[in-house]
Every structure is written in C-alpha cells, then in structure tokens.
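# Understanding the architecture of this molecule
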Amino acid sequence: MKLTVIGPGRWGSFIAFYLKERGHDVLLYGRNGSAAFSRLRATRQNDLLTFPEDMRFSSDLQQALAFSDIILISIASQNLRGLLEHFGSAAKGKTLVLCMKGLEVSTGMRLSQVVDDVLGSTVQCAIWVGPGHVEEFSRGIPNCMVIDAQDNALKHRLVALFSSDLIRFYYGEDLIGNEIGAASKNVIGIAAGMLDGFGVSSLKGALMSRGTREIARLIKAMGGRELSAYGLAHLGDYEATVFSPHSHNRRFGEAFIKKEPYDALAEGYYTVKALCALGESYGVDLPICRTVYTVLYEGTEPKTALNALFTRSIKEEFYQ
C-alpha cells in the first residue's frame, strides 16, 4: 500500500527503504533547502543504502500528506509540534506513526500527547519504538521492536503491515510506559557514555539495574505499568544504547567527558530536562537523570557527580 515517511535522516531514510523492500509504495519527504535530502534525492544513496529507481521523493509537504493515509514521522522530537502545525486540514483522517523517541521539553508532554494537543481527534496515532540501529539492519541483522497505540485494531493493522524477518514487531500494551521508557533510555545512554569516557565501563551493570528501577517508578507514578520499564522500549533497548558504538547518546556522553566535538543529534540531551521536570511534578526521585542534568546544564564536575551517584544507598535506590 501507499506509505509516506517524513524525515530523511538516518532512521527515517532506513524506514522508507525498509518499507519499500516490504513491497509498499513509499514516498519520502524532506525539507526544501536540506543539503542532505537534496543529495539523497539526486543520487538515491546515503552512507549505507541505495534506493531503488521507483522510490518516490518529495519536498512538497501537502503532496506527501495527500499521498497516503499512513504517515510515519522520524524527526527531532522538539520539532514535532512545529511540523504538525503545518499539516492543517490535510491531516484529517490520517494515521500518524511516531518513529522517534523523546519528550517535548517546553511542556513535558509525551509525543503522542503533542499530536493530540495539535490535531486532536482528527487523526489516529501510534508509536514505533524499541532497539535497533540502521548500521545493523542494513547488514541484515534482525531485531525486535514495538508498535503501541490506544486503538488495538490499529496496532494489529500496523504490525501486519510492517513486520518481516528483519524486524519482528510486538504489540505494546502501555502507551505511557513505552513512550517514557523509549525516551528515557537515551538519558541512560548518555550516562553510559560518561562512564566510558572515564574508563569505568564496568559500572554499566549498576547503571542498567538502577536506571530501569528509576524509570519504572516514574512510569507507575504517571499512570503506566511499572513493568513496562523492563520491556523492549526501555531495558530491551539498553544493548543498542548503553553499549553500541552506533548509539548517538552513548557517543555524546563519552565525547562530553573527553571534551571532544560531537555534532550528531543526541535526543537524551533534551529529554533529561523534561524527565527531571516530570520527576518533580510527580514526586519521583530520578537520581541518574538528575545527575546527567546537573552535569550537562549546571556545570557540575562530572567525576564528582558520578561518584556521588554510585555511592548512594542500595536500600534507598531499590526499595523506595
């Protein structure tokens, strides 16, 4: 069937390529003036993929919206509201699939809440989250991911459309937990990178166990299922975020400690601000998130902050 993908970055381009390989008629949208999209459109190639000749490209947003009833979006999370505000009446009746992980910093909203805030009941919304890197998928290395939505029929329809031997999709059962879990794993990834930067990667075991418990408490306080923190969207994504050389967030954390430049998008940098605000709002202590925040935004000396984090009481951490 016809599918539109908005966002020609690393992940969005792969999604378009993957869905085209699944036999769908796919249009990939990118902004006018984007040098990367212009190169992709002209050469039908990026660093990892070569797109077929019948792959569709467009920089006309209204054309992209009109092309399909299912719109997959993969852009920086802080740009979602601005994009949706340009949809106008063309969004009516569409299904939006958010293939992105983050929280809106200015409001603390989950991304599905941003969709509802801007477009309301004129659209259906689902999320596509979980572990996986383009570098590995493009080499044929499989993984498992999650589709979640409030509407069960929509979840089943999307899983049927998107599933393959390369990506096996599971049905999500907790939209709150899966969105918070997916967004917050990027913050844990930054913390992991900081440990790598100091050469103490052995502490990642403690980081993983404590990080999952921390986020589970927040999910529960927000009305989600506590155990969702232990599913694919959060703990299940740690291998791809906490250890992988391809993880932008882990690499950003390491580069920060080593005082090296790093230009790629690390969503956790923005997400940690929203998470700390949510923790205060819901009365949940988030020591890892708070540590990352103070280092990135308040100039706290990183080694001092991390040492304080890992000398917290085990009882205080696990049995609250």
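Heads up: these notes are all about the structure in this document. Just so it is clear, the model here is predicted, and its values are computed rather than measured.

## Concerning the overall build of the protein
When helices and strands are counted, the protein shows 15 helices and 8 strands. For 320 residues, the compact-globule formula gives about 20 Å, and the C-alpha radius of gyration of the protein, at 19 Å, lands near that figure. In terms of principal-axis extent, the alpha carbons of the protein reach across some 55 × 40 × 35 Å. Here the protein holds 320 residues, and the buried ones make up 56% of them. Relative to all contacts within the protein whose residues are 6 or more apart in sequence, the contacts with residues 24 or more apart total 68%. In the structure as shown, the protein presents an accessible area of about 13,700 Å², 50% of it carried by carbon and sulfur atoms. Computing the positive centroid from 34 side-chain charges and the negative centroid from 34, the protein places the two 1 Å apart.

## Details of the pattern of salt bridges
Tallied over the full model, the rule gives 19 salt bridges. One salt bridge connects E104 with R81, and the closest N-O pair in it is separated by 2.8 Å. Of this pair, E104 sits in the loop between β5 (95-98) and α5 (111-119) while R81 sits in helix α4 (residues 80-85); the two residues are 23 residues apart in sequence, bridging distant segments of the chain. Look at E104 and you get buried, because its relative accessible area is 4%. What emerges from the salt-bridge pattern is a single network uniting D196, K204, R250, E254 and K258.

## Quick look at the state of the cysteines
Taken as a whole and assessed by the stated rule, the structure comprises 0 disulfides. In this structure C99 is not part of a disulfide, and its nearest cysteine sulfur, from C125, lies 10 Å away. Note on C99: relative accessible area 3%, which makes it buried. For C289, which is in no disulfide, the shortest distance to another cysteine sulfur is to C276 and amounts to 5.7 Å.

## With respect to the side chain of T241
For T241, the location among the structural elements is in helix α10 (residues 238-243). Within polar-contact distance, the side chain of T241 engages the side chain of K185 at 2.9 Å. Separated by 3.0 Å, the side chain of T241 and the backbone oxygen of D237 make a polar contact.

## Topic: the environment of E53
By secondary structure assignment, the location of E53 is in the loop between α2 (35-43) and β3 (56-58). C-alpha of E53 to C-alpha of G130: the two residues are 77 residues apart in sequence and 30 Å apart in space.

## Here we look at the environment of G33
Relative to the helices and strands, G33 is located in the loop between β2 (25-29) and α2. When its relative accessible area of 74% is taken as the criterion, G33 is described as exposed. Between the C-alpha atom of G33 and that of M109, which follows or precedes it by 76 residues, the distance is 30 Å.

## Some remarks on the sheet that holds strand β4 (residues 70-73)
Across the sheet, which stays open at both edges, the 8 strands sit in the order β3-β2-β1-β4-β5-β6-β7-β8 with mixed pairing between neighbours. If you trace the sheet from one side to the other, it starts and ends with β3 and β8 (167-171), each paired once. Adjacent strand axes in the sheet meet at a mean angle of 25 degrees when their direction is disregarded. Sheet topology note: the strand β1 (residues 2-6)/β4 ladder contains 3 bridges and is parallel. Its bridge partner lying in β4, T4 is registered against I71. Packing against the sheet, α2 makes contact with β2 and β3, and its axis sits at approximately 150 degrees to β3. Sheet contacts for helix α8 (residues 175-197): β6 (124-129) and β7 (143-149); angle to β6, the most-contacted strand, approximately 45 degrees.

Conventions we followed
- Along each chain, the written sequence defines residue order, and numbers are assigned to residues from 1.
- Only residues with pLDDT of at least 70 get local features here, since the model is predicted, and only at 80 or more are side-chain atom pairs given and counted; chain-wide, interface and lining totals rely on the full set of residues.
- In computing side-chain properties, one takes all heavy atoms of the structure into account and sets aside hydrogens as well as water.
- Only DSSP runs of H or I reaching four residues or more are called helices, and only runs of E reaching two or more are called strands; each is numbered from the N terminus.
- The quantity called the radius of gyration is restricted to C-alpha atoms. Its globule counterpart is 2.2 Å times the number of residues to the power 0.38.
- Three exposure classes are used, based on accessible area relative to the maximum for each residue type with a 1.4 Å probe and protein chains only: buried under 20%, partly exposed in between, and exposed over 50%.
- The criterion used for residue contact is that any of the two residues' heavy atoms lie within 4.5 Å.
- Areas reported as accessible are Shrake-Rupley estimates using a 1.4 Å probe. Residue values count occlusion only from the protein chains shown.
- Charge counting treats Lys and Arg as positive and Asp and Glu as negative, with His and both chain ends excluded.
- Lysine's charge is taken at NZ, arginine's at CZ, aspartate's at CG and glutamate's at CD.
- Think of a salt bridge as a Lys or Arg side-chain nitrogen and an Asp or Glu carboxyl oxygen that are within 4 Å of each other.
- We call a pair of cysteine sulfur atoms a disulfide when they lie within 2.5 Å.
- Definition of a polar contact: a pair of N or O atoms within 3.5 Å, with one able to donate and the other able to accept a hydrogen when the atoms are protein atoms, and with sequence-neighbouring residues admitted only if both atoms are side-chain atoms.
- Paired strands, as defined in this entry, are two strands with at least two bridges between them according to DSSP.
- To define axes, lines are fitted to C-alpha atoms, for helices over the stretch in contact only, and angles between the resulting N-to-C directions are given on a 0 to 180 degree scale.

It is worth stressing that arrangement in space is one thing and function is another; only the former is reported here.
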